[in-house]
Every structure is written in C-alpha cells, then in structure tokens.
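Residue-level listing of the chains:
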Amino acid sequence: MIKLEGITKRYDDRTLAVDNVSLEIPSNQLTVLIGPSGCGKTTTLKMINRIISPTSGKILIDGRDISTVDAKELRRGIGYVIQNIGLFPHMTVRENIATVPRLLKWEKSRTQLRLDQLLELVGLEPSVFSDKLPRELSGGQAQRVGVARALAADPPIVLMDEPFGAVDPLTRVKLQDEFVRIQKELSKTIVFVTHDIDEAIRLADRIGVMKDGKVLQYDSAEDILASPKNKFVHDFMGSDRALKRLSRRSVNEFMEQSKPLFVSKGWEQLKEVKESFVWAVDEEGKLIGWIHVSDFKEGKHLSEMLTELSDDEMLSAESTVKEALSRMLESGTMALPVIGKEKEFLGQISMYKIQEITRNG
Ligand SMILES: Nc1ncnc2c1ncn2[C@@H]1O[C@H](COP(=O)(O)OP(=O)(O)OP(=O)(O)O)[C@@H](O)[C@H]1O
Ligand SMILES: [Mg+2]
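Residues numbered from 1 in each chain as written. Chains lettered and ligands numbered in written order. Predicted model: local features only at pLDDT ≥ 70, side-chain atom pairs only at ≥ 80, totals over all residues. Heavy atoms only, no water.

What to know about the sheet that holds strand β15 (residues 315-316)
- With mixed pairing, three strands are arranged side by side in an open sheet as β15-β16-β17. Taken across any chain shown, the strands that pair with only one partner, and hence form the sheet edges, are β15 and β17 (345-350).
- Of the strand pairs in this sheet, β15 and strand β16 (residues 335-339) are connected by two bridges, and their pairing is parallel. If you follow Ser 316 over to β16, its bridge partner there is Ile 339.
- Taken strand by strand, helix α15 (residues 321-331) contacts β15, β16 and β17, and its axis lies near 125° from that of β16. (Pairing = 2+ DSSP bridges. Helix = DSSP H or I, 4+ residues; strand = E, 2+ residues; numbered from the N terminus. Contact = heavy atoms within 4.5 Å. Axes fitted to C-alpha atoms, helices over the stretch in contact; angles between N-to-C directions.)

Some details on the packing of α15 against helix α16 (residues 351-360)
- Running from N to C, α15 and α16 point in directions that differ by 135°, and their axes come no closer than 11 Å. Regarding the angle of α15 to α16, the classification is oblique. As α15 packs across α16, the resulting crossing turns out to be left-handed. The residues of α16 that touch α15, namely those facing Val 321, Ala 324, Leu 325, Met 328 and Leu 329, are Met 351, Ile 354 and Ile 357.
- Among the residues forming the contact of α15 with α16, the class breakdown is eight nonpolar, no polar and no charged. (Parallel < 35°, antiparallel > 145°, perpendicular 65-115°, else oblique. Left-handed = near helix turned anticlockwise from the far one by under 90°. Nonpolar A, V, L, I, M, F, W, Y, C, P; charged D, E, K, R; others polar.)

Focus on the packing of aromatic side chains
- Under the defined criterion, the tally for this structure stands at six aromatic pairs.
- An aromatic cluster of at least three residues, connected via ring pairs, comprises Phe 164, Phe 179 and Phe 192.
- Over the ring of Tyr 218 we find Arg 206; its NZ or CZ atom is 4.4 Å from the centre of that ring. (Phe/Tyr/Trp six-rings, centres within 6.5 Å; stacked < 30°, edge-to-face > 60°. Lys NZ or Arg CZ within 6 Å of the ring centre and 35° of its normal.)

Some words on the site of ligand 1
- Near ligand 1 lie 14 residues; those nearest to it are Ser 37, Gly 38, Lys 41, Thr 42 and Thr 43.
- Between a nitrogen atom of ligand 1 and a side-chain N or O atom of Tyr 11, the distance comes to 3.5 Å.
- If ligand 1 stood free it would expose 640 Å²; the protein chains cover 64% of that surface.
- With three residues, the top contributor of residues to the shell around ligand 1 is helix α1 (residues 41-48). (Near = heavy atom within 4 Å. Polar contact = N/O pair within 3.5 Å; in protein donor to acceptor, adjacent residues only side chain to side chain. Areas by Shrake-Rupley, 256 points an atom, 1.4 Å probe, with all protein chains shown as cover.)

Let's talk about the layout of surface pockets
- Empty space within the largest pocket amounts to approximately 1000 Å³.
- Lining the largest pocket are 26 residues, and of these Asp 177, Val 180, Arg 202, Ser 247 and Thr 320 lie nearest its centre.
- Listed by contribution, the elements that provide at least two residues to the lining of the largest pocket are α8 (169-186), α9 (197-203) and α15.
- Classifying every residue of the lining of the largest pocket gives six nonpolar, eight polar and 12 charged.
- Of the residues that make up the lining of the largest pocket, three or more belong to each of domain 1 (2-251) and domain 2 (252-360).
- Of the pockets and cavities examined, the second largest pocket occupies roughly 460 Å³.
- Forming the boundary of the second largest pocket are 19 residues, of which Arg 75, Ile 78, Tyr 80, Val 100 and Leu 103 lie nearest the centre.
- Breaking the lining of the second largest pocket down by element, the ones donating at least two residues are α2 (71-76), β6 (78-81), α4 (99-103) and α7 (139-151).
- Considered class by class, the residues forming the lining of the second largest pocket number 11 nonpolar, four polar and four charged. (1 Å grid on protein atoms, 1.4 Å probe; cavity = no way out; pocket = protein on both sides within 12 Å on 5 of 7 lines; lining within 4 Å. Points joined across faces, edges and corners; volume = space filled by probe spheres on them. Domains from an automatic or database assignment.)

Some points on the side chain of Gln 348
- Along the chain, Gln 348 turns up in strand β17.
- Taking relative accessible area as the criterion, Gln 348 reaches 14% and is therefore assigned buried.
- A polar contact is formed between the side chain of Gln 348 and the side chain of Trp 279, at a distance of 2.8 Å.
- Apart from residues no more than four positions distant in its own chain, Gln 348 is found in contact with Phe 254, Met 255, Glu 256, Ser 258, Phe 277, Trp 279, Ala 335, Leu 336, Pro 337 and Val 338. (Buried < 20%, exposed > 50% of the residue type's maximum accessible area, 1.4 Å probe, protein only.)

So, the nonpolar core
- Ranked by internal contacts, the top residues of the largest apolar core, which has 44 residues, are Val 32, Ile 97, Met 160, Phe 164, Phe 179, Phe 192 and Ile 207.
- The element that contributes the greatest number of residues to this core is α7, accounting for six residues.
- Once you skip the residues sitting within four places of it in the chain, Val 32 turns out to touch Phe 192, Thr 194, Ala 200, Ala 204, Arg 206, Ile 207 and Gly 208.
- Within the second largest apolar cluster, 27 residues are counted, among which are Leu 33, Ile 52, Ile 78 and Tyr 218. (Core = buried A, V, L, I, M, F, W, Y, C linked by side-chain atoms within 4.5 Å.)

What about a positive patch on the surface?
- A cluster of basic residues, Lys 72, Arg 75, Arg 76 and Lys 105, forms a positive patch on the protein surface.
- The topology assignment puts Lys 105 in the loop between α4 and α5 (108-121).
- Of the residues examined, Lys 105 reaches a relative accessible area of 73% and is grouped as exposed. (Patch = residues over 30% accessible without salt bridge, like charges linked within 9 Å, V, L, I, M, F, W, Y side chains within 5 Å. Salt bridge = Lys/Arg side-chain N within 4 Å of Asp/Glu carboxyl O. Lys, Arg positive; Asp, Glu negative; His and termini not counted. Charge placed at Lys NZ, Arg CZ, Asp CG, Glu CD.)

A few points about the domain arrangement of the protein
- What the domain assignment reports for the protein is domain 1 (2-251) and domain 2 (252-360).
- Each of domain 1 and domain 2 has a C-alpha centre, and these two points are 42 Å apart.
- Every contact between the two is made by seven residues of domain 1 and, on the other side, 19 residues of domain 2.
- Taking both sides of the interface into account, the surface hidden between domain 1 and domain 2 amounts to around 1100 Å²; carbon and sulfur atoms contribute 66%.
- Among the residues of domain 1 in contact with domain 2, Leu 246, Arg 249 and Val 251 are the three that bury the most area, contributing 65% of the side total. (Buried area = accessible area lost by both parts, 1.4 Å probe.)

So, in structure tokens, the structure goes:
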C-alpha cells in the first residue's frame, strides 16, 4: 500500500500545487487521480517516486517512509510513464525499454526475452519495432513503448501520467482495453493520472478527484458516480452519470434465466411458455433467434415462426449493461439474449431489469 499522510507541496515561487493530501492507495489495484489542468496530479505522482520532495507530510510504501530510502533504489521498484511520453529520442525502442534492466545489469539474454515479451504485451511486433527510433513511431505506438518501458523490470508499482493522452479517441479505447487485459494479468499497484473521465471510469478501481491541490473525493468509481460529494465532483462526472454507471456493470450480474425452445423439436414445447415470445436454439443449444408465441397455429412447425437474430442482437456475459441498453435502443427490442463463446444460450437481459438497476443503484 502507498500511504500519503498530509502531503503538501509549495514550489519555490510559492505556488501551492498540492494542499494537505492524505490518501491510502491499495496494492494490486488501479487508482486514478483525475482533475482539471493544474490541479496537482503530476506533482502528486512525482512525490511518490521522489522526483519532487514534499514541503511537508510523509509518504509510506508498505509501511516504509520513502524519505529514508535511497532514491535510486526506490525508483527501481517503481515504473514511471512520463506525461508526454518522454522516450529518449536517440535510443531505439529496444534501448528505451531496456533502460532499467541495463541499470540493474541484467544478462543480455534475459533482457532480450523480456523485451520481446513486453512488445508482444503492448501489441507491437518485436521484429518490426525493436530497432525504430521514437521519431519513427506514431503517437500511440510511442505511448505503448512508454508503457512497456515502465513495466520492463517488473516493478510492483507503476505511476502513469496521462499515458494515453496523445492518441486519437479510437486508438485510445483500444489501448485502454489492452491495458485492462494487461492489468488483469499483472495486478500491479498502479497510480494513473488522467483528465478524461471516461478513461477513469473504464480503468479505475478507485478514483481520487482533485481540484486546486486538494482531493475532494476518494472512492470507488461506482460510489463516485452514485453519490458525488459536492457540485464540482457532480459536474465533473457529467450529466450522463447514470449511463456511465451502467458501463461499470456487466450483463453477467443481471442476467435472467429463460428456458429456450429447441426448434427441431415439436410445438408442444410452446404450451409451457408464459411470455409472449421465447428464445429459440438449434439441436446443440446454440441460439438462432426467437419465436412470437401468438404466431402459433396448431400443426405449424416451429422453424416457420422463427425470427432469426443477427450477431449484433446477441450479448456476451462480459458485455456491459450500457452496451446492452444501447443495442436494445438500436434494435427496438425490450430484451436481448446472452450467449457464451460457442453461441450457446445463457439467459437474457431485459429493459425492465435495466430500469431496476438504475432505480436501485
Ligand atoms: N516546477 C514548478 N514550479 C512552480 N510551479 C509549478 C511547477 N510545476 C508545476 N507547477 C504548478 O503547480 C500546479 C500543479 O501542477 P501539476 O503539473 O501538478 O498539475 P497537473 O494536475 O498535472 O496538470 P495537467 O493536467 O495540466 O498536467 C500548477 O499550478 C503548476 O503551474
Ligand atoms: Mg500533469
């Protein structure tokens, strides 16, 4: 755990950048610091790896006061992604990533292996990118190299200052998704700075909202969205807070049971159906569509009543409830089916359920 105890930073010109901040940053989780430009995010981050020393207050990492630890030793255990990337311009991608392993005097073969692993991890083909210079990379690629460099020596803590700031929104979302996957695998203690609220909600376990050097609210993403403490936090979260909250919940949590019909079997199955429609599967249990019960006439084969579904009208258990709602609105239906990897039918989520979620929080 990283513990900030009453941390204040006043720069030499008297600017009060960080004002009596106390935070407990849990291990193996991703904590986001968010707030408008100049609110003290970068300053806070740089005090954790002692690039800047606080004017007053204490920072403890796993109980150890960091002012008593040798700064170089401290930084070896803390990866750092600098705002605006900060790759060394005259070094290749390979040399940039190997900075810390080199300082640690790793064997060549070990460094090489790690390099390849990391490039794969951030989605850059080693044979294509290893020998490029930073100026030969796009902004998004350079940011991935920055992330790989911070992870190189496998530090338990990683500080990231707007690591995806320089990329277009589409690439950004892709990088964020990759990053969520990487973090699931690595479970690092990450302090992540951004001023993009959607990015914060996508990534964060906990969010600290900062303004004028102070942390106004520090809570789980869900709690901040559900009950912002004051008008500033409320406004900062945006007017679509309810939708943003749905983007934090997965369909899995709210899926309803529903017994599908086997289209290959007889119409007698319809007798047990109480709803006005029913999902339909093939003999292997794979979802193929739905059947309107009122279309039924005795003797008619079930396949004649089948309305087939496109892939867009099926959800996976990992889909977010926001995605479910959006697809319902798009297809004009009140419920959508949820399928597994092999298209097997798992259950459904309905508009009523979503209303219930928004009502009850
Ligand atoms: N070296 C410095 N000397 C004096 N003032 C500084 C220095 N570095 C930062 N500041 C001031 O401290 C305040 C906080 O700066 P900081 O870089 O921490 O903000 P930030 O939240 O990271 O902003 P941004 O989102 O723009 O990166 C700002 O008012 C800034 O002008
Ligand atoms: Mg900054």
